[in-house]
Amino acid sequence: MSAHYVSLDLEMTGTDLAIDEIIEIGVVKFGVDGVRDRFTTLVSPGRPLPRRIEALTGIKAAELKTAPPFQDVAARLIEFVGDCPVVGQRIDWDLSFLKKHQIIPEGQVYDTAELAELLLPALPEYGLLYLTKHFGIDFPIRHRALPDAEAAMTVFLRLHDLAGRVDAGTLDEIVRLSADTSWPPRYFFRDAAARAGRALARRSTDLDGLSLDVIPTGKEIGAALVANERLKPVTGDEVASIFERALADREQFADFEQRPEQVAMAAAVADTLSGDGRLVVEAGTGTGKSLAYLAPAACFALRNNARVLVTTNTINLQEQIAGKDAPELRRLLARGAPPDIRAAVDRLKISQLKGRRNYICLQRLASMRRTGAQTDAEARFLTRILLWLQVTETGDRAELALRPEEEPLWARVSAQDTTCFAGPSYYVRNGSCQLMRARKRAEASHIVIANHALLLSDLASGGRALPPYDHLIVDEAHNLEDEATSQFGFQAGQGHFSEHLDRLAGRGAGPDTGLAADIHDALRLVPADSPAARLHVLAGTLVERVDHARAMIPEVFARVHAFVANHGEHGGDYDNRLLLTSSKRAQPEWSHVELAWENMRLALLPTEEALVRLNVALAEAGGRDILDYDTLLGNVAAAAQAGIQLRKGVDEIIEKHDGDRIAWITTNRLSGAVSFSSAPLHVGEVLEDYLFARKASVILTSATLSTSGSFAYVKERLGVQDSAELMLGSPFDYKRAALALLPSDAPEPAQREYQRFCENAIVALCTASKGRALVLFTSHGALRATHAAVTRPLEKVGIRVLGQGIDGTPKEIVDGLRNNSNTVLLGTSSFWDGVDVVGEALSLLIITKLPFSVPNDPVFSARSALFDQPFMEYALPQAVLRFKQGFGRLIRHRNDRGVMVVLDRRLRSKSYGKVFLESLPPCSVSQAPLDQLPSLIRRWLNAHTP
């Protein structure tokens with residue numbers, strides 16, 4: 001460890017580097033044995049101190065009037081810091097303000113937040129307050145420079161100790177990987193490696209000299225479940241008794257609530273699992289739906305040594321079930337389950353399983369390790385991965401909270417498109433492969449939690465993604481049709497073909513990137529007279545054939561673009577879409593498209609042949625003297641499969657008119673990009689024939705499955721017409737909790753003045769609610785136009801506006817609302833059912849338009865044609881379900897109170913409007929001119945809860 005470090009923190013007038021200034025400096029000089037010296041001073045900013053900063057820091061404006069300006073303390077600060085390494089929380093931010101005054105520390109810079117991310121990968125956050133709590137560090141005074149610097153110092157020392165406990169081989173590897181970069185923490189880990197003693201004896205090295213011991217093999221995983229031959233039922237009474245005992249035991253279950261709806265659902269699920277049946281159940285918000293199906297599922301699985309698969313639409317809900325509901329389930333069963341189940345609770349296994357891209361491929365990581373870090377970002381990423389692998393049991397990327405800039409690096413090491421199970425890699429053989437371990441955990445589990453995408457991917461792949469299961473529970477079932485449309489569909493554009501060919505042979509003749517270059521590089525140790533040397537020739541042939549195929553691409557997509565321009569329709573904010581019907585294919589210009597595609601298809605076939613020959617030759621070579629052999633073999637096989645799927649997918653769209661599939665072409669009006677798409681016409685038939693009919697029991701559930709008091713629409717769409725039904729309301733008192741307002745003077749959405757009305761309404765209504773609002777749109781174009789119009793007037797009254805796709809990721813902007821209630825979120829698409837904000841932070845919901853599908857959307861248009869009355873039988877029920885999902889964002893807890901405003905006049909002007917209103921829980925509904933709504937909102941939100 002360096003003899004001395006300095007921990008530095010600054011307080012500023014704000015966060016704008018251009019206009020804000022330093023108001024306080026705090027620096028602590030320390031060593032491994034404690035504090036050596038301190039330096040602190042207030043600084044006159046030369047501008048007024050904002051009230052919010054005064055309130056945050058406790059620094060008074062009067063104190064700053066007598067403080068010295070920064071130039072008077074700069075020399076003392078420079079002398080105090082000297083050439084010591086500088087430590088701080090998010091230190092780059094502080095240093096940017098010093099750099100503004102031409103002060104750049106001479107020593108290394110260590111960010112405690114970054115070091116904590118590396119050494120403590122499982123933490124949910126890395127703020128200074130959270131880190132001090134994690135380490136048990138006393139931190140009573142915050143947002144003052146010296147106390148913050150001292151807290152950062154103590155955190156750094158704890159992290160320093162943690163680094164010293166890391167496996168010496170791992171530290172050695174980190175030092176090696178980062179040696180040629182300028183990444184500052186390389187010195188931190190170099191010091192840790194020196195302290196650990198770098199004279200380690202590697203127990204095993206292979207994979208061309210890489211240390212194998214830096215990747216732990218993990219704990220043993222139990223044997224796969226084998227269900228009992230004769231299954232014993234679980235009764236509704238047995239499950240009901242679990243909840244009854246929890247209610248009676250207030251000492252252990254103080255927060256457990258009496259919910260008759262939960263008990264009724266649990267009993268129905270138990271009967272369905274035990275009776276090999278099917279059940280469609282709508283359970284309103286607040287029912288406790290997850291435990292209502294998990295409790296009977298666990299009882300049934302334990303009693304019969306069986307497996308139950310639970311799927312959700314979102315990974316967020318998947319994580320909630322695994323991280324929050326599963327522990328609660330164990331507590332409930334241990335206290336209230338029937339005796340035979342209670343005795344078996346200790347062996348209850350619940351696991352998550354996700355798609356391949358969520359797991360790391362250790363073979364691909366080995367290839368990246370061998371290359372070493374070329375940039376600071378790669379050094380940081382590889383260090384983070386190696387340290388995470390020491391502690392992870394799952395290999396699941398969700399544990400890492402990756403930064404956006406790390407996503408491309410994760411793509412290079414994820415298990416997506418890998419084929420190593422076909423020809424096992426070293427890591428598969430020694431049991432450390434994280435994807436294989438996840439699958440083995442699932443095989444040994446009573447309850448496996450997956451998502452719809454993996455469920456349907458497993459269906460499409462013939463059962464290779466999930467362990468065998470006979471009992472299925474589908475949560476968020478209202479999303480299943482859309483996900484099936486996506487998973488059973490196909491999409492490819494010009495970029496997909498270019499990327500595929502670039503993946504094979506980079507750009508132009510003699511490329512230095514791509515699979516062909518990887519082959520040449522992997523053969524550098526192969527003797528010239530070795531049979532494997534002929535792989536050089538095969539790689540060269542691949543390059544030639546790729547160049548020929550690449551030359552065919554522009555002609556195809558130019559022809560397609562011209563055809564859509566002449567025959568397509570506007571289908572979205574930026575797209576022209578063309579549904580490929582028989583009449584469109586009969587147009588004379590279509591033959592030009594077919595001819596151009598045939599030329600390209602004939603050029604693609606030789607690249608596929610070259611890949612097959614490479615794959616065979618690699619397999620015959622057996623890996624002798626070939627670097628990174630397992631990875632190379634898997635990449636060649638994956639590339640061949642990807643190319644075949646790409647060609648066949650477009651071939652079927654252009655050459656065939658399959659009555660069971662929808663095919664369309666989309667062109668982007670801004671970029672000109674062209675894509676081919678197809679999807680099944682009848683999702684329900686596919687689900688019924690290939691999924692539901694093959695399972696002993698199926699439960700479909702959601703908070704929104706019925707329309708007009710009937711399940712007819714969703715049962716027809718999902719192919720489960722013969723299912724039992726259960727419709728459960730919410731235990732919430734919506735009459736007290738929710739008010740629905742309709743502006744009586746709103747124009748029709750088709751009228752010119754509608755957009756301006758919406759903008760004025762959003763400003764007035766969100767001002768009345770003091771932010772705390774979610775505004776839902778049906779198009780990205782309307783969202784962007786509104787964002788531009790309302791941001792300035794709302795910011796003038798202290799309300800921040802965050803737009804989906806404009807101000808950050810969905811998670812980031814939802815967190816922005818949670819953390820600062822003076823915020824308005826503008827959202828579309830996933831925000832209709834993907835936002836869960838409890839409490840006052842979300843008190844106003846504005847729905848701008850009724851969520852009807854775009855009429856000329858190809859999938860909607862093709863499926864509409866199947867109905868005698870497409871609007872009433874298809875369009876309206878679909879929109880009503882979406883409307884109910886949107887309303888569900890408002891009241892998430894029994895103590896919540898909120899207002900929904902619908903700016904669409906059609907709720908009153910059209911006869912079908914009542915169907916939307918009748919679909920809502922029994923809340924209060926009022927209609928008034930827009931200028932009266934703000935006072936109604938204030939009155940409702942300010943009213944005391946009875």
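Here the structure is shown first, and the text comes after it.
Residues numbered from 1 in each chain as written. Predicted model: local features only at pLDDT ≥ 70, side-chain atom pairs only at ≥ 80, totals over all residues. Heavy atoms only, no water.

Visitor: Please clarify how the pattern of salt bridges should be interpreted in this entry.
Guide: Between side chains of opposite charge, a pair can form as their charged atoms come close. Per the stated rule, a full pass over the model turns up 46 salt bridges. Across the salt bridge formed by Asp 20 and Arg 47, the nearest N and O atoms sit 2.8 Å from each other. On the criterion of sequence distance, the pair formed by Asp 20 in the loop between β1 (5-12) and β2 (22-31) and Arg 47 in the loop between β3 (34-42) and α1 (51-57) is long-range, its members being 27 residues apart. Taking relative accessible area as the criterion, Asp 20 reaches 6% and is therefore assigned buried. A salt bridge links Asp 475 to Lys 289; the shortest N-O distance between them is 2.7 Å. (Salt bridge = Lys/Arg side-chain N within 4 Å of Asp/Glu carboxyl O. Helix = DSSP H or I, 4+ residues; strand = E, 2+ residues; numbered from the N terminus. Buried < 20%, exposed > 50% of the residue type's maximum accessible area, 1.4 Å probe, protein only.)

Visitor: It is not clear to me how the packing of aromatic side chains should be interpreted in this structure. Could you clarify?
Guide: We describe a pair of aromatic rings using the distance from one ring centre to the other and the angle between the two ring planes. According to the stated counting rule, one finds 29 aromatic pairs in the structure shown. Ring geometry for Phe 497 and Phe 557: centres 6.1 Å apart, planes at 55 degrees, overall tilted. A residue pair is termed long-range when its members are at least 10 positions apart, and Phe 497 in helix α22 (residues 494-505) and Phe 557 in helix α24 (residues 534-567) qualify at 60 residues. The class of Phe 497 is buried, set by a relative accessible area of 2%. Of the residues examined, Phe 557 reaches a relative accessible area of 3% and is grouped as buried. Judged by centre distance (5.2 Å) and plane angle (20 degrees), the ring pair of Phe 860 and Tyr 874 falls under stacked. In this pair, Phe 860 sits in helix α34 (residues 858-864) while Tyr 874 sits in helix α35 (residues 870-887), placing the two residues 14 residues apart along the sequence. Among the residues examined, Phe 860 registers a relative accessible area of 10% and is labelled buried. In textbook terms, an aromatic cluster arises when at least three aromatic residues are bridged by ring pairs, as seen for Tyr 5, Phe 30, Tyr 110, Phe 156, Trp 183, Phe 188 and Phe 189. Over the ring of Phe 80 we find Lys 29, and its NZ or CZ is 4.8 Å from the ring centre. Seen from the ring of Tyr 469, Lys 695 lies directly overhead, with NZ or CZ sitting 3.7 Å from the centre. (Phe/Tyr/Trp six-rings, centres within 6.5 Å; stacked < 30°, edge-to-face > 60°. Lys NZ or Arg CZ within 6 Å of the ring centre and 35° of its normal.)

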